[in-house]
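A look at the structure
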Amino acid sequence: MNITTIKEKISEILTAILEHTNFELHDELTAKDVDGWDSLSHMMIITKIEEEFGIRFKLRDLNKLKNMGSLITLIQSKL
Amino acid sequence: MDLILTIQKSIEEHKDHNAFCIRHTYYTYEVFGKIISGIRYKIQKSVDASGHIIGLVTNDDIYTYASIIALWLEGKAYVPLHPDFPENRNQLIIEQAEIHTILDSSQHQTFANCSTITTDKVSCSTIDIASKEVSSDDLAYIFFTSGTTGTPKGVPITFDNLTAFIDAFWALEYSITSNDRCLQMFELTFDLSVLSYLAPLLKGACVYTIPKDEIKYSYIFELMEDYELTFALMVPSILQYLRPYFDEIDCPAMKFSLFCGEALPLDITEEWSRCVPNATIANVYGPTECTIFCTDYTYKRTEPNKAYNGILTIGKDMKNTKTIIIDEDYNEVPVGEKGELCLSGGQLTPGYWKNEKKNKSTFFFKEYNNEQIKFYKTGDLCTVDEDGDILYLGRVDFQAKIQGYRVELSEIEYHARAALQKINAVAIAFTNKIQNTEIGLAIESKTFDTSELLNGLKKSLPQYMIPTQIKFIDTFPLNTNGKTDRNKIKEQFL
């Protein structure tokens, strides 16, 4: 799956859970930059990503997610 | 004051040991002692002797922890103020506690209308941590908890209370030494934080904190594995979050794994015990009013454990606490009968802060062993068995009356969780449009057909206990103390 498709899917997931589109998916984007992305919605976003991409994160993976770039790299490595 | 003296000695004796690990940075007891000394000088300069109650902005940094010890050396109490709490709530606390001075390590002053002592980067070239004369009735802290009327109520805890707690805690023999590595996962506005930093500091051990911008449960797991933590006090909700990953967790270094703050389900404890194969697991219980916790049960790995509706027993009262269970007329109930748990003893707060009305309704005197003793009503519904182990049944106010019948919501939850297997569920009593009490069931899951679940419930519960409304919530909200936020869930039914 190419990066553009991954980004599109992530964007759809964020929109569905956070109920807004006020974000731009660049590599340096962090949860702090996005309204409503707190520890609770984080858990929901992670679960939804696992579902949509058909992958399973390790607990340890979750701490490595420092920004959007690392999330995309992680998803790629699991596909 | 012996407790403060013990802190002083511990700092002096363990200078080259690590006291804190915050964001992967270590701070030795020597560095900690110097920061305490610097902050205490600032307090001496800016606060006159009459100012006993000082606000503390609860950041996750070494200066905030040092501020607590610096205040205690000066015989002053701290009132934690969470910078992310609504401003109105913090203002109510500042006014109620009559706070004039606030210690703040933030880059920008958090409270503009109070005199602020900046503690960021404060230090001192020498260590000066000899305590002033501190009386045992002096306050160590006041924690504000949510009040039913919307105004937070203050729970003052004296050095005497704290000393009684620490004495009773060591008597449990969940021993900590200067080689231990201990988790501190709580916001400083939650009193479980006090055990989590104080017990290690008294023994020269190292405290590991959770940065506020990290995802708590996964960060805890990483600390446990990477730093081989040996002691951890957690709320059971963390286990609910970690449960899908239990097969990845193996922490043989953990010696003591304690749980407090919420009902601890037996089945999840059994699963957790395999993640911490060498640890003593304990369920401790207690309200802020009785200083951190006051009853204790050690989980048995090889024998059956006592539980009620799937909830592990909270065990027996600790060394300095006396517990009784009473009926509505304040009479002790016989063994095996249900009633409200009441506490008394050296850990019990002198009473709510400037709240005579609440004190009258919550505290009472009762003759016990030929003595008039002050007791505190916990609002927790309990029963005690022949061995003296206390079983937690739920909140007195979780008890709902449905069509005249008394209903314990925890009982519905127990059956719902059993039927749902590993899915979490919470039962809520709410008042519907026609002012009748209805039972709602919130399920932590995506939507699914519930006819099978309801048919199953009907087999174990009478009709009046069957939930009449079901909501699905992807992830249950937690309150700032990390517990499942039942009030927020309840809003979904209103």
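For the structure given in this document, a descriptive report is provided here. Computed from a predicted structure; not experimentally measured. (Residues numbered from 1 in each chain as written. Chains lettered and ligands numbered in written order. Predicted model: local features only at pLDDT ≥ 70, side-chain atom pairs only at ≥ 80, totals over all residues.)

Below, the discussion takes up the overall build of chain B. Secondary structure summary: chain B contains 13 helices and 27 strands in total. In terms of overall dimensions, chain B is globule-like: its C-alpha atoms have a radius of gyration of 23 Å, near the 23 Å expected for 494 residues. With respect to the principal axes defined by its C-alpha atoms, chain B has extents near 70 × 50 × 45 Å. Residues counted as buried form 48% of the 494 residues belonging to chain B. Long-range contacts, defined here as pairs at least 24 residues apart, represent 65% of the contacts in chain B between residues at least 6 apart. (Helix = DSSP H or I, 4+ residues; strand = E, 2+ residues; numbered from the N terminus. Rg over C-alpha atoms; globule rule 2.2 N^0.38 Å. Buried ≥ 20, exposed ≤ 12 C-beta atoms within 10 Å, placed from the backbone. Contact = placed C-beta atoms within 7 Å.)

Moving on, we get to the environment of Pro236(B). All names here are of chain B. Along the chain, Pro236 falls in helix H8 (residues 236-242). For the pair Pro236 and Leu409, spaced 173 residues apart in the sequence, the C-alpha separation amounts to 18 Å. Beyond its immediate sequence surroundings of up to four residues, Pro236 is in contact with Phe259, Glu262, Ala263 and Leu264.

Residues and elements named next belong to chain B. Strand order in the open sheet formed by three strands is E25-E26-E27, with mixed pairing between adjacent strands. Edge positions in the sheet fall to strand E25 (425-431) and strand E27 (469-473), since each has one partner strand and no second. Across this sheet, the average inter-strand angle for adjacent strands is 25°, counted without regard to direction. For strand E26 (residues 437-444) and E27, the ladder comprises five bridges, and the chain directions are parallel. Within E27, the residue paired with Ile443 across the bridge is Phe472. With respect to the sheet, helix H11 (residues 409-420) is in contact with E25 and E26, its orientation differing from that of E25 by roughly 140°. (Pairing = 2+ DSSP bridges. Axes fitted to C-alpha atoms, helices over the stretch in contact; angles between N-to-C directions.)

Here we take up the interface of chain A and chain B. Taken together, the contact between chain A and chain B spans eleven residues of the former and twelve residues of the latter. Contributions of two or more residues to the side of chain A that touches chain B are made by helix H2 (39-53) and helix H3 (59-64) of chain A. Element by element, the count of residues in the side of chain A that touches chain B is highest for H2(A), at five residues. A per-class count over the side of chain A that touches chain B returns five nonpolar, three polar and three charged. (Nonpolar A, V, L, I, M, F, W, Y, C, P; charged D, E, K, R; others polar.)

Glancing now at the environment of Asp449(B). All names here are of chain B. Inspection of the secondary structure puts Asp449 in the loop between E26 and helix H12 (451-460). The class for Asp449 is exposed, based on 7 C-beta atoms found within 10 Å. Linking Asp449 and Cys124, residues 325 residues apart in sequence, is a C-alpha distance of 65 Å.

Below, the discussion takes up unusual backbone geometry. Residues and elements named next belong to chain B. The phi torsion at Glu228 lies on the positive side, around 50°, for a residue other than glycine. For Glu228, the position within the fold is in the loop between helix H7 (216-226) and strand E11 (231-234). On the neighbour-count criterion, Glu228 (12 C-beta atoms within 10 Å) is exposed. Backbone geometry at Asn369 places phi at a positive 50°, although glycine is not the residue there. Here Asn369 is to be found in the loop between strand E20 (363-368) and strand E21 (371-384). Residue Asn369 is classed as exposed on the basis of its 6 C-beta neighbours within 10 Å.

Residues and elements named next belong to chain B. Judged by nonpolar contacts, the single largest core of 133 residues is most densely connected at Phe32, Ala66, Val79, Ile142 and Leu183. Here this core takes ten residues from helix H3 (residues 62-73), the largest share from any one element. Once you skip the residues sitting within four places of it in the chain, Ile142 turns out to touch Ile53, Ala77, Val79, Ala97, Gly154, Val155, Pro156 and Trp353. Among the nonpolar cores identified, the runner-up in size contains 19 residues, and Ala425, Val426, Leu457 and Met465 belong to it. (Core = buried A, V, L, I, M, F, W, Y, C linked by C-beta atoms within 7 Å.)

So, on to the packing of helix H1 (residues 3-18) of chain A against helix H4 (residues 68-78) of chain A. Residue and element names in this part refer to chain A. Relative to each other, H1 and H4 sit at 115°, their axes nearing to 11 Å. As summarised for this structure, H1 and H4 are arranged roughly perpendicular, according to the angle between their axes. Here H1 runs over H4; the crossing is right-handed. Of H4, the residues touching H1 (which contributes Ile3, Ile6 and Lys7) are Ile72, Ile75 and Gln76. For the contact of H1 with H4, the residue count by class is four nonpolar, one polar and one charged. (Parallel < 35°, antiparallel > 145°, perpendicular 65-115°, else oblique. Left-handed = near helix turned anticlockwise from the far one by under 90°.)

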